[in-house]
Amino acid sequence: MANPFAHILEPLDPQTPEHQYYNLTKLNDPRYVRLPFSIRVLLESAVRNCDEFLVKKEDVESIMDWHHTQTRSVEVPFRPARVILQDFTGVPAVVDFAAMRDAVKSLGGDPEQINPICPADLVIDHSIQVDYNRKSDSLQKNQDLEFERNRERFQFLKWGSKAFRNMRIIPPGSGIVHQVNLEYLARVVFQREGLYYPDSLVGTDSHTTMIDGLGVLGWGVGGIEAEAVMLGQPISMVLPEVIGYRLEGAPDTLITSTDIVLTITKHLRQVGVVGKFVEFFGPGVAQLSIADRATIANMCPEYGATAAFFPVDTVSIQYLQQTGRDPEKLQYIADYLKAVGMFRDYSDETQDPEYTQVVGLDLASVVPCCSGPKRPQDRVAVSEMKTDFNTCLGSPQGFKGFHVAADRHADSVEFQYNGVDYSLSHGSVVIAAITSCTNTSNPSVMLGAGLLAKKAIEMGLSVKPYIKTSLSPGSGVVTYYLKESGVMDYLSQLGFEVVGYGCMTCIGNSGPLPEPVVDSITKGDLVAVGILSGNRNFEGRVHPNTRANYLASPPLVIAYAIAGTIRIDFEKEPIAVTAEGKEVFLRDIWPTREEIQSVERQFVIPAMFKEVYEKIEKVNERWNSLAAPSDKLYTWDPKSTYIKSPPFFQGLTRDLKSPESISDAYVLLNFGDSVTTDHISPAGNIARSSPAARYLTSKGLTPREFNSYGSRRGNDAVMARGTFANIRLLNKFLGKQAPKTLYLPTGETMDVFDAAERYQQAGHALLILAGKEYGSGSSRDWAAKGPFLLGIKAVLAESYERIHRSNLVGMGIIPLEYKSGENAHTHGLTGRERYTVNIPSQLTPRMLVDIKCDSGKEFQVVMRFDTDVELTYFQHGGILNYMIRKMAAH
């Protein structure tokens, strides 16, 4: 059907009438200028895509009337301009696409119907590990190992780039997905098929929000949802509330963007922004570079919001210029955004929209800080780090406690490393990693780290050799300006050699620690520390042997590495004592903002970005020489342990079956609060004693060949066995951390996979009990696919992380939520009951359903299908089944 808003189409430039745009100001609606800028992006998408089928005129009205609809859980469709993927989540997406082609063919349809309609970019950045560090050839060796381990996955992805239209793959060794997005992939404004429209995206990584710092609206979704968008489906979303975050003042000269983002993260966690947009405004925004804004937007998942938006202003256009974007594009980007009322002047208060709520921060109040030891929102001022850690040592086991007896706080273990005597104690730093797109995208903190390293070396300071130091930049540009500015040599001398271009330590690819270090930690049961410039520090994520992990700016990572311990007060204690006996304090080597900016102005230039990105798709010779099949249907190798046809579509019929009630289900796992996707589906190393290890051993692999869970996401047999395999899993049935559960019929303690398999063989349905924030952390579709393969029919929790709940829906698992003020404790549930969930034939969003237990308890819960579209997916058994039936019918 013709677009009912065609009358507002007009040329942006009368000289090029073939290029048009939907001029939203011609709607002549006074409500438009009061809308938050992020909501204007949703409105434009709805207007442009209005076909009275997937997007209706009433959807446009709902968005325009946001000031009234925001609190009513009104569902609207959103068609992002593009999709971005990384390889951990991208491989299973391409596996699903390949399997969907097979399924469409088996139902009599055309398999080539399964093809990305929406442009998709996949950046390979999650596979490289820190196997080698502190040597000049570390980068080469790590990249060699990356290819050796992942050749099969890379061949499969290369097949995908040829078999599917509209899919571009950025080879390994190029950088981190979000930084490459910021510096290269972002269009800001699209010019496509004769239309100008705002760039927007969804990505299969929760930190997709980083691009919001450049004024491109984007957020993370599950791989399952992203696949539907790639196939042309709009995302169905509840129109969000928008929290206006007003920034004012200017930061102190010693403050980094990391300090600002950790402060904002803690603040917004306290405000409560889950499921909402945050939009930044106020005069303080002009004090922040795009790199600073991107750092703040990157940690949006850590403060729980859906998006963290900085509308485009002149600073954004200057950044596009600095990163070597085409001048002609810069012109139409600015012209379009001004014409459509989406260009921001942060000093002009008359432009301020009306927000749901306004909160704010005076940047002058920010102090140097870290976050930890187990959660990114637990900010600790650097001046309080020593005291805070000492308190955590003795506190009960929890987010801020390790339950170490008071008489053991001074314990230490002597060991030898390379023939020299050292000792480790509680709080000793064993990993120091400058890593993650959160910070390596920001020249100010990277050059700050380099200048600090220079001053440290000049004063004769060093880092103990057993500490695993590493530098993993988010793009080749970083190495370029670190070398050109002369600080790279000093970083190398301190042990911070470039070890690879990828996420590395931030996602748990930290590689092995030296054996004497591991032995000492184990022998003394020590709370050893990892310090990293990342965005996640959940327990068990960074490394199995670092029980405490702190997020910090790159300069602070180096500072704590030099100190060798977290138990130091930098104000009062020297960071080190020189060979001559001189005490050196952190303030003696800390660079000022003015020093950093001077170097940045001189050395971070457009030519660098152009040179690096012009050859990004061709520069990796190993990738270029990789042979891959060219058939349209993938030929599955039954011997492969990386790529396997998933069982999701087995037995799929054209006809729908009505949903069934869940009868007499057992509880597989009984959890408390904040169970993360890292607990549900770990990305790190495969433990030798795990069910996944036993499976790989049965296929003839040695432990050296296991690789990580993240790298094996294309194999459902490994991933099902890896589900709930995190060693830090705390299951109430056991009362201690272990990747195990009780098999309730006999009371045996078993690996979770083995118990689930026995339940399935006996024909028993399963569910999970959980507390608040179930599924927080990374967007990880295997955290829903894994439980589906274990036979989980429903999860009953107090609340859910947004992306994880939608992933459960996408796999046909029912997210049930206790009514407000109720939980397992108020209902007296032990988890040993058997549960019957009555699913009525007529379903409505967020309806109440009845649960009956064999103990006689009965209560009602909310069935968290939030929209009619989600109900449709559930009735089909999941979103992919729905898409296959739809494509097979064409």
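The paragraphs below set out a description of the structure included in this document.

Criteria and cut-off values
- Residues numbered from 1 in each chain as written.
- Predicted model: local features only at pLDDT ≥ 70, side-chain atom pairs only at ≥ 80, totals over all residues.
- Heavy atoms only, no water.
- Buried < 20%, exposed > 50% of the residue type's maximum accessible area, 1.4 Å probe, protein only.
- Helix = DSSP H or I, 4+ residues; strand = E, 2+ residues; numbered from the N terminus.
- Contact = heavy atoms within 4.5 Å.
- Salt bridge = Lys/Arg side-chain N within 4 Å of Asp/Glu carboxyl O.
- Core = buried A, V, L, I, M, F, W, Y, C linked by side-chain atoms within 4.5 Å.
- Pairing = 2+ DSSP bridges.
- Axes fitted to C-alpha atoms, helices over the stretch in contact; angles between N-to-C directions.
- Phe/Tyr/Trp six-rings, centres within 6.5 Å; stacked < 30°, edge-to-face > 60°.
- Lys NZ or Arg CZ within 6 Å of the ring centre and 35° of its normal.
- Parallel < 35°, antiparallel > 145°, perpendicular 65-115°, else oblique.
- Left-handed = near helix turned anticlockwise from the far one by under 90°.
- Nonpolar A, V, L, I, M, F, W, Y, C, P; charged D, E, K, R; others polar.

We now examine helix H2 (residues 57-64). Along H2, the residues that are buried comprise Asp59, Val60, Ser62, Ile63 and Met64. Buried residues in H2 make contact with helix H1 (37-48), helix H3 (66-69) and strand E3 (75-78).

Another point: the pattern of salt bridges. Per the counting criterion, the structure on display carries 45 salt bridges. Two residues, Arg187 and Asp121, come together in a salt bridge whose shortest N-O distance is 3.6 Å. Highlighted residues: Arg187 in the loop between helix H6 (177-185) and strand E7 (189-192) and Asp121 in strand E5 (residues 120-123), separated in sequence by 66 residues. Put simply, Arg805, Glu817, Arg846, Arg864, Asp866 and Glu870 are held in one network by salt bridges that share partners.

Of all hydrophobic cores here, the largest spans 303 residues; its most connected members are Phe280, Tyr303, Tyr560, Ile575 and Tyr774. At eleven residues, helix H4 (residues 87-106) tops the list of elements feeding residues into this core. With sequence-adjacent residues up to four places away left out, Tyr774 is seen in contact with Phe671, Val675, Ile680, Phe724, Ile768, Val795, Ala797, Ser799, Tyr800, Glu801 and His804. Ile686, Leu696, Leu701 and Phe706 belong to the second-largest nonpolar core, a separate cluster that totals eleven residues.

So, on to the sheet that holds strand E14 (residues 307-309). Read from one edge to the other, the open sheet built from four strands follows the order E14-E13-E12-E15, with strand pairing classed as parallel. Of all strands in the sheet, those with a lone pairing partner are E14 and strand E15 (357-362), marking the two edges. Across this sheet, the average inter-strand angle for adjacent strands is 25°, counted without regard to direction. Bridge analysis of strand E12 (residues 242-248) against strand E13 (residues 277-281) gives five bridges, and the strand direction is parallel. Across the sheet, the residue bridging to Val242 is Phe277, located in E13. Sheet strands in contact with H1 are E12, E13 and E14, and its direction is about 125° off that of E13.

Turning to the packing of aromatic side chains, a few remarks are in order. In the structure shown here, the tally under the stated rule is 34 aromatic pairs. Between Tyr666 and Tyr759, the ring centres sit 5.1 Å apart and the planes meet at 35°, which makes this aromatic pair tilted. In this pair, Tyr666 is assigned in strand E26 (residues 662-670) and Tyr759 in helix H27 (residues 752-761), connecting sequence segments 93 residues apart. A relative accessible area of 11% places Tyr666 in the buried class. Tyr759 sits in the buried class, given a relative accessible area of 0%. For the cation-ring pair, Arg40 lies above Tyr32, with the distance from its terminal atom to the ring centre recorded as 5.3 Å. Arg587 extends its terminal NZ or CZ atom over the ring of Phe585, reaching a point 4.4 Å from the ring centre.

Viewed as axis vectors pointing N to C, helix H16 (residues 476-484) and helix H22 (residues 606-614) meet at an angle of 135°, and their least axial separation amounts to 9 Å. Judged on the interaxial angle alone, H22 and H16 are oblique. Like other packed secondary-structure pairs, H16 and H22 cross with a definite hand, here right-handed. Between H16 and H22, the contacting residues are Gly476, Val477, Tyr480, Tyr481 and Glu484 on the first element and Met608, Phe609, Glu611, Val612 and Tyr613 on the second. For the contact of H16 with H22, a count of residues per class yields seven nonpolar, one polar and two charged.

Here we come to unusual backbone geometry. A cis amide bond links Gly372 with the next residue in sequence, Pro373, at an omega value of 10°. Note that Pro373 resides in the loop between strand E16 (369-371) and strand E17 (379-381). Unlike most non-glycine residues, His403 shows phi in positive territory, near 55°. Position of His403 relative to the elements: it lies in the loop between helix H13 (385-394) and strand E18 (412-417). With a phi close to 60°, Phe724 is a non-glycine residue in the positive phi region. Position of Phe724 among the secondary structure elements: in the loop between helix H26 (716-722) and strand E27 (730-731). The class for Phe724 is buried, based on a relative accessible area of 0%.

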